[in-house]
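Here's the letter readout for the chains.
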Amino acid sequence: MAVAGIVQGANTVAGTRSTSGDGTAVITTSGGSGVKVHILDGAIKTATPGEVVTVAIKADSAELYAVSCTADVFGVATLPYMVTAANAGSVYVNLSDAIDVDYTLTYVVSGA
């Protein structure tokens with residue numbers, strides 16, 4: 001993502017999730033007073049076009065954003081700017097079903 005080269009201190013994390021639920025955190029912080037994760041942009045897509053799954057971006061247990069990938073939708077879902085509540089410790093890519101989903105998130109941490 002181009003944003004990581006423009007915003008000072010921005011990081012990009014990318015990978016594939018394939019188990020339902022939260023799984024392992026894709027972004028972790030020290031947590032603590034006032035810490036927030038600002039997700040500047042990102043994208044998700046099913047690894048196999050046509051598979052059906054709902055993908056939620058979560059901060060700890062709070063859902064920040066969700067998108068449904070349906071059998072008749074192909075391509076990449078771009079993600080909007082999101083910010084966690086204060087004191088966030090982890091961000092997860094949560095899947096409704098065990099389907100391979102590729103993700104990319106560009107973010108910065110503030111208040112650390």
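Residues numbered from 1 in each chain as written. Predicted model: local features only at pLDDT ≥ 70, side-chain atom pairs only at ≥ 80, totals over all residues. Heavy atoms only, no water.

Engineer: I'd like a description of the overall build of the protein chain, backed by residues and values.
Structural biologist: Within the protein chain, the regular secondary structure consists of 1 helix and 9 strands. Scanning the protein chain from its N terminus toward the C terminus, one meets helices and strands in the order α-β-β-β-β-β-β-β-β-β. In terms of overall size, the protein chain behaves like a compact globule, its C-alpha atoms giving a radius of gyration of 14 Å where 112 residues would be expected to give roughly 13 Å. Seen through its principal axes, the protein chain has C-alpha atoms that stretch 40 × 30 × 20 Å. Looking at the protein chain as a whole, 38% of its 112 residues qualify as buried. (Helix = DSSP H or I, 4+ residues; strand = E, 2+ residues; numbered from the N terminus. Rg over C-alpha atoms; globule rule 2.2 N^0.38 Å. Buried < 20%, exposed > 50% of the residue type's maximum accessible area, 1.4 Å probe, protein only.)

Engineer: Give a detailed account of the nonpolar core, specifying residues and quantitative values.
Structural biologist: Ile 27, Ile 39, Ile 44, Val 55, Ile 57, Val 93 and Leu 105 are the most contacted members of the largest nonpolar core, which has 22 residues in total. Mapped by element, the contributors of at least two residues to this core are strand 3 (36–46), strand 4 (53–59), strand 5 (62–69), strand 6 (77–79), strand 8 (90–95) and strand 9 (101–110). With 4 residues, strand 9 is the single largest residue contributor to this core. In this structure, Val 55 is in contact with Ile 44, Tyr 65, Ala 66, Val 67, Val 93, Asn 94, Leu 95 and Val 101, ignoring residues within four places of it in sequence. (Core = buried A, V, L, I, M, F, W, Y, C linked by side-chain atoms within 4.5 Å. Contact = heavy atoms within 4.5 Å.)

Engineer: I'd like to hear about the side chain of His 38, residue by residue, with values.
Structural biologist: Note on placement: His 38 falls in strand 3. Residue contacts for His 38: discarding those within four places in its chain leaves Tyr 81, Met 82, Val 83, Thr 106, Tyr 107, Val 108 and Ser 110.

Engineer: Residues and numbers for the sheet that holds strand 5, please.
Structural biologist: Read from one edge of the open sheet, 4 strands run 2-8-4-5, paired in antiparallel fashion. A single partner strand is all that each edge strand has here, and the edge strands are strand 2 (27–28) and strand 5. Inspection of the sheet shows strand 4 paired to strand 5 by 7 bridges, in the antiparallel sense. Note on strand 5: the bridge partner recorded for Val 53 is Cys 69. (Pairing = 2+ DSSP bridges.)

Engineer: Report on the pattern of salt bridges, specifying residues and quantitative values.
Structural biologist: Taken as a whole, this structure holds 2 salt bridges when the rule is applied. Residue Asp 22 pairs with Lys 58 through a salt bridge whose shortest N-O separation is 3.1 Å. Residue Asp 22 is found in the loop between strand 1 (11–17) and strand 2, and its partner Lys 58 is found in strand 4; the two are separated by 36 residues along the sequence. Looking at Asp 22, the relative accessible area reads 23%, which means it is partly exposed. (Salt bridge = Lys/Arg side-chain N within 4 Å of Asp/Glu carboxyl O.)

Engineer: Give a description of the environment of Thr 70 that names residues and reports values.
Structural biologist: Note that Thr 70 resides in the loop between strand 5 and strand 6. Along the primary structure Thr 70 and Val 55 are separated by 15 residues, whereas in three dimensions their C-alpha atoms are 11 Å apart. Not counting residues within four places of it along the chain, the set of residues in contact with Thr 70 comprises Gly 50, Glu 51 and Val 52.

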